[in-house]
Protein chains: 2
Amino acid sequence: MKSFFRQHIEKIISLTDEEFDFIYSHFTPKKLRKHQFLIEPGDSVVNDYFVLSGCLKAYQLDKNGKMHILQFAMQDWWITDYQALYKGINATIFLDCIEDSEVLCLSLHDREKLCSELHKIEFFFRKKSNGGYVALQQRILSLLTSSASERYEQLLQLYPQLFQKVPKQLIAAYLGVSRETLSRLHSQAK
Amino acid sequence: MKSFFRQHIEKIISLTDEEFDFIYSHFTPKKLRKHQFLIEPGDSVVNDYFVLSGCLKAYQLDKNGKMHILQFAMQDWWITDYQALYKGINATIFLDCIEDSEVLCLSLHDREKLCSELHKIEFFFRKKSNGGYVALQQRILSLLTSSASERYEQLLQLYPQLFQKVPKQLIAAYLGVSRETLSRLHSQAK
DNA sequence: AAAATAATGTGATGTAGGTCACATCAAAAT
DNA sequence: ATTTTGATGTGACCTACATCACATTATTTT
């Protein structure tokens, strides 16, 4: 698990054993059960979470109680309420587990400490953020330019593993379609 | 103009005169006329652009020729085709001027050089990227959870200056509504 | 200042996708 | 193993919003 995390970082920067141990010492492992919440609206948010195993979702409920999914996170992904974490305001989203999961917690404080002490890791986090920015832009373009069935196909292309783990009604809530419509898109196989 | 740019950076980090001059020496000013293109699909993209004055838009055309706006950029904003820039692939968006504009160009190469030579500026760009990430997440939530008229109100709240510069049909293309629907939302004043 | 071009408003009509209702099937929980 | 709870499918109907068409009013361009 530790080596898996190291590989994740070493996709972007290379590390000595001492550097990795130093970095790793700032993280706290946490085991979570299905349905367990990490964040609820109103909470103060101190951590970013790196997913070692399992699957989580970040979402909001609208005024009719309908769920809208901002983000999934599987193995290898980072997730939290970034608005709350970065701006120091209360959470506006729910973050919970779709299945039993393990995460590594990193407080914002420790992240900033790491970044100021180790230039390399600041490079890592900058690259991660840049990559995330591009991914979000692509999702916005997908929402603006594509129909429900096109968006479904795009998501399937991009993250096929997701469809093994996540019920289709959650896929629908991520794509911005009703579960009924998503089901019909399938049967009609457009 | 130069001091305006310096202020922009000093909102996040503080600089000595030498440091600022060093940073500024990596930027190239460029004047642009209304309708002028900075990027078209297929182009290779080497620069990020910081807007000194004017207003630009980044957009795609869908298969029916309809425009969908990914991003506006007014004074103080950064804009480019980030996917193309970061991944080193060809552009997939148009970037052009809504009015006469002035920008500062920074090549990716120079940005990376700056970041490796001056830890402070890497901090700056990391914070910028984090902020941008949060803004995009909020836009996705807005697209998922809100109706056309709610999205209009949210945008008006967030960037009132935008409505002085940008014709409503472009606002519509940003919100993901037809210009006719946007016009009707107004008259009905929901 | 005139001509050309772009922006906006508004009616009539079309449609993708939403909502509601209920049936079936799968998976947890006791 | 049985009960409870959640996931999926499908029909009937509804509604935001899109599209098309044309009139009106700004804003550029020459």
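For the structure, check the block above.
On a predicted model such as this, the values are computed, not experimentally measured, just so you know. (Residues numbered from 1 in each chain as written. Chains lettered and ligands numbered in written order. Predicted model: local features only at pLDDT ≥ 70, side-chain atom pairs only at ≥ 80, totals over all residues. Heavy atoms only, no water.)

S.K.: Would you explain the protein's contact with DNA strand C in this entry?
M.R.: Residues in contact with DNA strand C amount to 18 residues; listed here are only the nearest, Thr181 of chain A together with Lys168, Gln169, Arg179 and Arg184 of chain B. Within the side chain of lysine 66 of chain A, an N or O atom sits 3.5 Å from a phosphate oxygen of DNA strand C. Here arginine 184 of chain A contributes a side-chain N or O atom positioned 2.9 Å from a base oxygen of DNA strand C. Counting only elements with at least two residues in the surface near DNA strand C, the list comes to helix H9 (179–188) of chain A together with helix H8 (168–175) and helix H9 (179–188) of chain B. Per-class residue counts for the surface near DNA strand C are three nonpolar, seven polar and eight charged. (Near = heavy atom within 4 Å. Polar contact = N/O pair within 3.5 Å; in protein donor to acceptor, adjacent residues only side chain to side chain. Helix = DSSP H or I, 4+ residues; strand = E, 2+ residues; numbered from the N terminus. Nonpolar A, V, L, I, M, F, W, Y, C, P; charged D, E, K, R; others polar.)

S.K.: Would you take a moment to explain the packing of aromatic side chains for this structure?
M.R.: All names here are of chain A. Within the structure shown, the criterion is met by 34 aromatic pairs over all chains. Note on phenylalanine 5 and phenylalanine 27: the rings are 4.8 Å apart at their centroids and 65° apart in plane angle, and the pair reads as edge-to-face. Note that phenylalanine 5 is positioned in helix H1 (residues 2–10) and phenylalanine 27 in the loop between helix H2 (17–24) and strand S1 (28–32), a separation of 22 residues in sequence. Side by side, phenylalanine 5 and phenylalanine 27 carry an identical accessibility label, which is buried. Where tyrosine 82 meets tyrosine 86, the ring centres are 5.6 Å apart and the plane angle is 40°; that geometry is what we call tilted. Taken together, the positions of tyrosine 82 and tyrosine 86, both in helix H3 (residues 82–87) and four residues apart, correspond to about one turn of that helix. The exposure class assigned to tyrosine 86 is partly exposed, which follows from its relative accessible area of 24%. (Phe/Tyr/Trp six-rings, centres within 6.5 Å; stacked < 30°, edge-to-face > 60°. Buried < 20%, exposed > 50% of the residue type's maximum accessible area, 1.4 Å probe, protein only.)

S.K.: Just checking my understanding: could you explain the nonpolar core for this structure?
M.R.: As a rule of thumb, nonpolar side chains are buried together in soluble globular proteins. The biggest cluster of nonpolar side chains holds 75 residues, and the ones touching the most others in it are Phe5 and Ile121 of chain A together with Phe5 and Ile121 of chain B. Excluding residues that lie within four positions of it along the chain, phenylalanine 5 of chain A makes contacts with Phe20, Tyr24, Phe27, Phe50, Leu52, Trp78 and Leu104 of chain A. Membership of the second largest hydrophobic core comes to 23 residues, among which are Ile171, Ala172, Ala173 and Tyr174 of chain A. (Core = buried A, V, L, I, M, F, W, Y, C linked by side-chain atoms within 4.5 Å. Contact = heavy atoms within 4.5 Å.)

S.K.: Help me out: how do you make sense of the packing of helix H6 (residues 148–158) of chain A against helix H8 (residues 168–175) of chain A in this one?
M.R.: A pair of packed helices can be characterised by two numbers: the angle between their axes and the separation between those axes. All names here are of chain A. Contact geometry of H6 with H8 gives a least axis separation of 10 Å together with a crossing angle of 110°. Between H6 and H8, the angle is such that the two are roughly perpendicular. For the crossing formed where H6 meets H8, the hand is right-handed. Taken together, the residues of H8 that come into contact with H6 (itself represented by Arg151, Tyr152 and Leu155) are Ile171, Tyr174 and Leu175. For the contact of H6 with H8, the class distribution of residues is five nonpolar, no polar and one charged. (Axes fitted to C-alpha atoms, helices over the stretch in contact; angles between N-to-C directions. Parallel < 35°, antiparallel > 145°, perpendicular 65-115°, else oblique. Left-handed = near helix turned anticlockwise from the far one by under 90°.)

S.K.: Is there a simple way to think about the sheet that holds strand S7 (residues 94–97) of chain B in this case?
M.R.: Strand-to-strand pairing in sheets goes through backbone hydrogen bonds, with the strands running parallel or antiparallel. Strand order in the open sheet formed by four strands is S2-S7-S4-S5 (chain B), and the pairing between neighbours is antiparallel. At either margin of the open sheet sits one strand with a lone partner, and together these are strand S2 (37–39) and strand S5 (67–74) of chain B. Each neighbouring strand pair of the sheet contributes to a mean axis angle of 25°, computed without reference to strand direction. Against the sheet, helix H5 (residues 119–145) of chain A makes contact with strand S4 (55–61) and S5 of chain B, and its axis sits at roughly 135° relative to S5 of chain B, the strand it touches most. (Pairing = 2+ DSSP bridges.)

S.K.: What am I meant to see in the sheet that holds strand S6 (residues 78–79) of chain B here?
M.R.: All names here are of chain B. With antiparallel pairing, four strands are arranged side by side in an open sheet as S1-S8-S3-S6. The sheet is open, and its two borders are formed by strand S1 (28–32) and S6, each paired with just one other strand. Contacts from helix H1 (residues 2–10) reach strand S3 (47–53), S6 and strand S8 (101–107) within the one sheet, and its direction differs from that of S3 by about 115°.

S.K.: Before we go on, may I ask you to explain the environment of glutamate 180 of chain A in this structure?
M.R.: Checked against the element boundaries, glutamate 180 of chain A lands in helix H9. Separated by 75 residues in the primary sequence, glutamate 180 of chain A and cysteine 105 of chain A place their C-alpha atoms 37 Å from one another.

S.K.: Would you explain unusual backbone geometry in this entry?
M.R.: Trans peptide bonds make up the majority, and among non-glycine residues the majority have a negative phi. The backbone of aspartate 76 of chain A sits at a positive phi, close to 95°, despite the residue not being glycine. Tracing the backbone shows aspartate 76 of chain A in the loop between strand S4 (67–74) and strand S5 (78–79). Since its relative accessible area comes to 23%, aspartate 76 of chain A is described here as partly exposed. Even without being a glycine, histidine 35 of chain B presents a positive backbone phi close to 75°. Note on placement: histidine 35 of chain B falls in the loop between S1 and S2.

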